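Architecture at a glance
Here is how the chains run, residue by residue.
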Amino acid sequence: MPYIGRFAPSPSGPLHFGSLVSALASYLDARHHQGQWLMRMDDIDPPREMPGAADDILRTLEQHGLEWDGEVLWQSSRSEAYRQALATLQQADLVYPCNCTRRNINASGGIYNGHCRHHPPVGSGEQALRLKLYQLPPPFSQLADTVEFTDLLQGPQRQDLARDVGDAVVLRKDGLFAYQLAVVIDDIAQGVTHVIRGADLLPVTARQIRFFELRSAPPPHYGHVPVATGEKGLKLSKQNHAPALNKAQIGENLWQALVFLRQNPPKALGRESPATILAWATQHWQISALTGIAAQPTP
Ligand code: GLU
Ligand code: ZN
């Protein structure tokens, strides 16, 4: 069976240790299985973008020897594909307008309860479009409200889409496509078979699987690797100002990421070239060393 993996950073800041870990894990799993490793730039949300970050991320990955196959797929160039997918979902009676505010939704418990399915908004105020995820019209009515899957690392997972998720925004009030839908449309277009990424995305996986089902496409295998946390146990992220990687110590960065991924790299490996480090790590890659670990402190 062919293996197609990918790394899909959002250009909201420079690559930090946590994103290097995700990139490295997806790269190693793909290469270990003689698979392809694709690159997608999730630049779909201009307000959250940091100028120059996309190029900086790509250059940093190259400096770490993480070479991808083919061209980078830029989400900013994919509007037509997203529009078409949305139109198909609309024709299938799966999409409806919603003018509820975050405040309305929080007041009714935080999970969107499908209010506008039954009470369509009147007037011409700002509207989002939502996709039905449960209690679906034919030919999808046989899909259960609960999505179950087995994560390659985190084991059996189960989410009730009505109770735990709610119908998902697919077109935002500001007219931008929702990132969750774009991800799935692109994973389908790129033929992705394996998604190895940070465990912070585990909670959105069930709804993404439902998107695949509503596009009549087989979902990929998912494996969620531990997220790197900072001092207070919070995920390292651009939002909490994780430091950019030190480009003066490429080998050391890779070595630390391998330690974090519990691959037991020999101490001297950190002084080798990126190519040598990655060759060792590809050969010795054992994803099972991470079974059941969803977060751990940055070394
Ligand atoms: N672009 C997303 C992020 O940086 C990741 C998407 C994915 O791996 O599915 O959080
Ligand atoms: Zn609504």
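A few points on the structure.

Conventions and cut-offs
Residues numbered from 1 in each chain as written. Chains lettered and ligands numbered in written order. Predicted model: local features only at pLDDT ≥ 70, side-chain atom pairs only at ≥ 80, totals over all residues. Heavy atoms only, no water. Near = heavy atom within 4 Å. Polar contact = N/O pair within 3.5 Å; in protein donor to acceptor, adjacent residues only side chain to side chain. Areas by Shrake-Rupley, 256 points an atom, 1.4 Å probe, with all protein chains shown as cover. Nonpolar A, V, L, I, M, F, W, Y, C, P; charged D, E, K, R; others polar. Axes fitted to C-alpha atoms, helices over the stretch in contact; angles between N-to-C directions. Helix = DSSP H or I, 4+ residues; strand = E, 2+ residues; numbered from the N terminus. Parallel < 35°, antiparallel > 145°, perpendicular 65-115°, else oblique. Left-handed = near helix turned anticlockwise from the far one by under 90°. Contact = heavy atoms within 4.5 Å. Donors = N, O, S within 2.8 Å, 3.2 Å for Na, K, Ca; no water. Tetrahedral: all angles 85-135°; square planar, octahedral: opposite > 155°, others 65-115°. Salt bridge = Lys/Arg side-chain N within 4 Å of Asp/Glu carboxyl O. Buried < 20%, exposed > 50% of the residue type's maximum accessible area, 1.4 Å probe, protein only.

For the rest of this paragraph, the subject is the site of ligand 1. All residues in the neighbourhood of ligand 1 are listed as Arg6, Ala8, Pro9, Ser10, Asp42, Tyr179, Val183, Arg197 and Leu201. In this structure, alanine 8 approaches ligand 1 through a main-chain N or O atom, which is 2.6 Å from a nitrogen atom. Note that an oxygen atom of ligand 1 is positioned 2.7 Å from one of the side-chain N or O atoms of arginine 197. Bound to the protein, ligand 1 loses 82% of the 300 Å² it would expose on its own. Classifying every residue of the shell around ligand 1 gives five nonpolar, one polar and three charged.

Here we take up the packing of helix H9 (residues 250–260) against helix H10 (residues 274–284). For the pair H9 and H10, the least separation of the axes is 9 Å and the interaxial angle reads 15°. Looking at the two axes, H9 sits roughly parallel to H10. Considering how the two elements wind past one another, H9 and H10 form a crossing that is right-handed. From H9, Ile250, Gly251, Leu254 and Leu258 reach across to H10, where they touch Pro274, Ile277, Leu278, Trp280 and Ala281. Broken down by class, the residue content of the contact of H9 with H10 amounts to eight nonpolar, one polar and no charged.

Within the protein, the zinc ion (ligand 2) binds to Cys98 (SG), Cys100 (SG), Tyr112 (OH) and Cys116 (SG); these donor distances fall in the range 2.1 to 2.3 Å. With four donor atoms in place around the zinc ion (ligand 2) and angles of 100 to 119° between them, the coordination shape is tetrahedral. Of note, the donors binding the zinc ion (ligand 2) are all from one chain and are spaced C-x1-C-x11-Y-x3-C.

On to the pattern of salt bridges. Close approach of charged atoms allows side chains with opposite charge to pair. Per the counting criterion, the structure on display carries 15 salt bridges. The shortest N-O distance in the salt bridge between lysine 247 and aspartate 56 comes to 2.7 Å. Highlighted residues: lysine 247 in the loop between strand E11 (227–229) and H9 and aspartate 56 in helix H2 (residues 53–63), separated in sequence by 191 residues. Lysine 247 sits in the partly exposed class, given a relative accessible area of 35%. Using a relative accessible area of 16% as the deciding quantity, one classes aspartate 56 as buried. One connected set of salt bridges, linked through shared partners, spans Arg6, Arg40, Asp42, Arg78, Asp186 and Asp187.

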